[in-house]
Amino acid sequence: MTKVEDAVVAPAPADRETAPIADAAAEASRSGRGRGLIGRLNAGVAAAPVLFTDAAVVGFALWTLLYHLNLGLNLRPSVVFLGWVVLLPLVAYVTWKLRRRDPVVRPADDEPAGTPAEAPADRMALLRRYALPVGAAIGAALFASFGTGMVTWWFAAVLGLVSVISAWLAVSRRWPTAVGAAPAGRETTPTQGWVVLVVSLAAAYFATLIGRVSLDDVFYVGKSVWVAERDEIPFRDFLFTEGVLPAGSANPPLPSFEVFIGAMARVLHVHAASATWYVLLPVLAVFAIFALWRLVQRWAPRRPLVAFGVAAAYILLVAYFADSLNTYHLPRLTQGKSVFVHALIPLAWVYLTDYLERRSRRSLILLALLSVASVGYTTTAVMLLPLLGAAAGVVLLATRRVREAVLCFAAVSLYPVLSGALVQVLRGGIETTVATYAPLLPLRTIYELTLWLGILGVIAGLAVWWSPLLLRAGAPRQLAAGAVLAVTVLMIPGLLKVAGDLSGLRAVLWRVPWILPVPALVGMLAVIRLPALARVNRVLAFALPAVLVCVFYTQGKPMWTDDLVQTKPTWRMPEARKASSFWIKNLDNRPPGLVLAPSSVMRALPQVTTEVRVVLPRDLYLTDYGIDTEFSRDRLLLARFADADRTVSIYEVDAAMRRVGVGLVCVWKSNTLVADAAPYLGLERIASRKPPGAMYCYRTTASPTAGG
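Everything in this summary refers to the structure shown in the same document. The structure displayed is predicted, hence computed values, not measured ones.

The secondary structure content of the protein chain amounts to 27 helices and four strands. Relative to its 708 residues, the protein chain shows a buried fraction of 58%. Residue pairs at least 24 apart in sequence account for 78% of intrachain contacts in the protein chain once pairs closer than 6 positions are excluded.

Now the structure itself:
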């Protein structure tokens, strides 16, 4: 009699008939790769996702190790970068050695398949086994997406736990016992490789056209500009002062990403912002798309290209609101945390899968190097990678794979934990490695930022809680169950608060769901197959992907909403703002002192140059220095004045300008408030700019009472 697991994951009869043909075609393709230019080109394209992503992980891990070593040596970043370049051939050799492919076998089911005649007898067994996890997941997704109070959230959390635990108990938990016996997934075929390559190149070009402005760019790009212009790492404050104030919580010493960009820009003699937007962004877009494909190809039970296409559509069409998961993709890939969540998290699951199913030491080494690279991208890795390792370790321990649990947890967690502890000892506490701007977000808001609400929230919730049932048998199901269980447990009311109180990480704990590769899991919904319902499955094969994409388009907000797509590659700031910032920088008669300008321009100037110091780069960062202090109140008041807020007191503005040390005031010509107040404030007009970005600039004639 057919086992229940077979009915869920086993190929349909039609697939069994075509499988030998597909295997023969794949074998013919592999055997022909070495013959002729076309064969070699196809082989290279098929191997590109693995080669590119593995090389990127190893290369950036090497840079991060050199950067962390340099925290004690204090060499110039450009020198470290040149040393990294010299060592790249060694990295290429190591990557080539590590890429030795594990034996690729045709995916096998856990048990021999039954005959179609037995399938009807199994429907009641299927119902008994899967009704609880399927129904509980539906209830959890509905309560989480449409609920309004804490009671409904309790229902969502409890039903989510019931769903993932019952799903894990329902599926087979047997693991292969011999190398090569695991369902390791098919290789990327040349056809698949070409599709993925085209999608990645299209994403790379499209990323350079997106004109979305992120308020965080003032820090990330500004830090790279500082490194490029001064060839030094700004360990202390570089936005409000030139190292006078201690570093804010947004500027920990662990991340190496912004320093890498700045050092590269200095060596290449290009502007750091241009290196960010024109050089690195397209490369990172390809990296993220390749990582998505690798995870889908490893975890999808069938038709990986369909799952990949739906996942890509989900990323593209459900990505608008600030801090939502997919907004951290193409619009914000130049921020290290975005690369972490959309490239390194999927790759971590790929390496874990390959190690567990193939006993691949190569994958274990790559997993350890990925943890190093992750810390270089973002301090969020210090928190999330141990959680990811623990999630994988739980299911391994539950299946009595103690050795693998220890090795996997150590590989993914050791470097983040040790580096975080080192910062705590040497730099004054782990609190300097994370932002603490706000209290813990409400649980439903956390759900919304990762999975959305409404019908989109239901779809993502089902993709998450059904993942132990939907994914390919073996490691993918077990790893997904562990990840979903960890996130669901932490979403029980009160647990995240306790974790935040103990760790001091309250403001960033909303990123806990980031360990779930949500876009890939959503893509898996498109290849659902119902057992013993061949006609229904033929309809679902075409209808389900189309319906999902249609829902994404109608219910979501795409990346290009509000006409944010430019006609040519651009910096992530409006051209008028960019031109005005360069104009201020290049003023011949610019006096010493801080520059007061409209808030948007003051956010842009640190991304243009470090030669101009502004009054308020971004108000959020004042939290580190006390929002109620005179230091902060003066800057907030002056920013309102420059933005033409007529509720401000001119007398208070005069005193604040003297205390802060303003030397130049530049405002839009439409700002009549400054023009009217100029005689009282002692402002002398020294420059005028024509449209676009028409501005007046005034020099202060009153003596400051304190320096900024």
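With mixed pairing, four strands are arranged side by side in an open sheet as β1-β2-β4-β3. Two strands close off the open sheet at either side, each with one partner strand: β1 (594-596) and β3 (683-689). The average angle at which neighbouring strand axes cross in this sheet is 25°, direction not considered. Sheet analysis places β3 next to strand β4 (residues 695-700), joined by six bridges and oriented antiparallel. Along β4, the bridge assignment pairs R685 with Y698.

Mapped onto the elements of the fold, A228 is located in helix α8 (residues 217-230). For the pair formed by A228 and A273, sequence separation is 45 residues and the distance between their alpha carbons is 9.8 Å. Not counting chain neighbours up to four residues away, the residues in contact with A228 comprise G262, A265, R266 and A272.

Let us look at the nonpolar core. Judged by nonpolar contacts, the single largest core of 164 residues is most densely connected at W63, F260, F287, L330, W349 and F552. Here this core gets 19 residues from one element, more than from any other, and that element is helix α10 (residues 272-299).

Cis peptide bonds are those with omega within 30 degrees of zero, and the linkage from P691 to P692 qualifies with -5°. Along the polypeptide, P692 turns up in the loop between β3 and β4. One non-glycine residue, D323, lies in positive phi territory at about 70°. Judged by its relative accessible area of 29%, D323 is partly exposed. Positive phi, normally seen in glycine, also occurs at W452, with a value near 70°. Relative to the helices and strands, W452 is located in the loop between α16 (443-451) and α17 (454-465). A residue is classified by how much of its surface remains accessible, and W452, at 9% relative accessible area, is buried.

In total, this model carries 31 aromatic pairs according to the counting rule given. On the numbers, 5.5 Å between centres and 40° between planes, the contact of F81 with W84 is tilted. Residue F81 and its partner W84 are located together in helix α4 (residues 77-98), separated by three residues, close to a single helical turn. By relative accessible area, F81 is classed as buried at 7%. According to the relative accessible area criterion, W84 is buried, its value standing at 11%. Ring centres 5.4 Å apart and planes at 45° place the aromatic pair F321 and W452 in the tilted group.

On to the side chain of K337. Position of K337 relative to the elements: it lies in helix α12 (residues 336-358). Taking the relative accessible area as the measure of exposure, K337 reaches 3% and is therefore buried. Here Y220 takes part through its side chain, which lies 2.6 Å from a polar atom of the side chain of K337. In contact with K337, other than residues within four places in its own chain, are D216, Y220, Y328, R332, Y377, T378, R511 and W514.

To continue, consider a nonpolar patch on the surface. On the surface, L132, M150, W154, V158 and V162 cluster together to form a nonpolar patch covering roughly 450 Å² of accessible area. Broken down by element, the residue count for the nonpolar patch peaks at four residues, all from helix α6 (residues 150-170). Residue position: V162 is located in helix α6.

Let us now look at helix α27 (residues 672-681). Of the positions making up α27, those classed as buried are L673, V674, A677, A678 and L681. Projected onto a plane normal to the axis of α27, the buried residues spread over an arc of 140° and lie on a single side. Residues D676 and P679 are exposed on α27 and point more than 90 degrees away from its buried face. Where α27 is buried, its residues meet α25 (630-642), α26 (650-660), β2 (662-668), β3 and β4.

Okay, the side chain of T327 next. Its place among the elements puts T327 in the loop between α11 (304-317) and α12. Once you skip the residues sitting within four places of it in the chain, T327 turns out to touch R212, A319, Y320, F321 and R332.

Conventions and cut-offs
Starting afresh in each chain, residues are numbered from 1 along the sequence in its written order. Whole-chain, interface and lining totals are the exception, using all residues; otherwise, since this is a predicted model, local features are given only for residues with pLDDT of at least 70 and side-chain atom pairs are given and counted only at 80 or more. The side-chain values count all of the structure's non-hydrogen atoms but skip hydrogen atoms and water molecules. Strands are runs of DSSP state E lasting at least 2 residues, helices are runs of H or I lasting at least 4, and numbering of each runs from the N terminus. The cut-offs for exposure are 20% and 50% of the maximum accessible area for each residue type, with area from a 1.4 Å probe on protein chains only; residues under the lower value are buried, those over the upper are exposed, and the others partly exposed. The contact rule is simple, with two residues in contact once any of their heavy atoms fall within 4.5 Å. Should DSSP find at least two bridges between two strands, the strands are regarded as paired. Lines are fitted to the C-alpha atoms to define the axes, a helix being fitted only along its stretch in contact, and any angle between axes, read from their N-to-C directions, falls within 0 to 180 degrees. Definition of nonpolar core: a set of buried residues of the types Ala, Val, Leu, Ile, Met, Phe, Trp, Tyr and Cys, connected through side-chain atoms within 4.5 Å. In this analysis, rings of Phe, Tyr and Trp, with Trp reduced to its six-membered ring, are considered paired at centre separations within 6.5 Å, and the interplanar angle assigns stacked below 30 degrees, edge-to-face beyond 60, and tilted for intermediate values. Polar contacts, as used here, are pairs of N or O atoms within 3.5 Å; protein pairs need one atom able to donate a hydrogen and one able to accept it. Residues neighboring in sequence count only if both atoms are side-chain atoms. Patch criteria: residues need more than 30% relative accessible area and no salt bridge. Like-charged residues are merged within 9 Å; nonpolar side chains of Val, Leu, Ile, Met, Phe, Trp and Tyr are merged within 5 Å. Note on areas: Shrake-Rupley, 1.4 Å probe, and residue coverage restricted to the protein chains presented here. Salt-bridge detection follows one rule: a side-chain nitrogen of Lys or Arg within 4 Å of a carboxyl oxygen of Asp or Glu. By construction, the arc corresponds to the directions joining the helix axis to the C-beta atoms.

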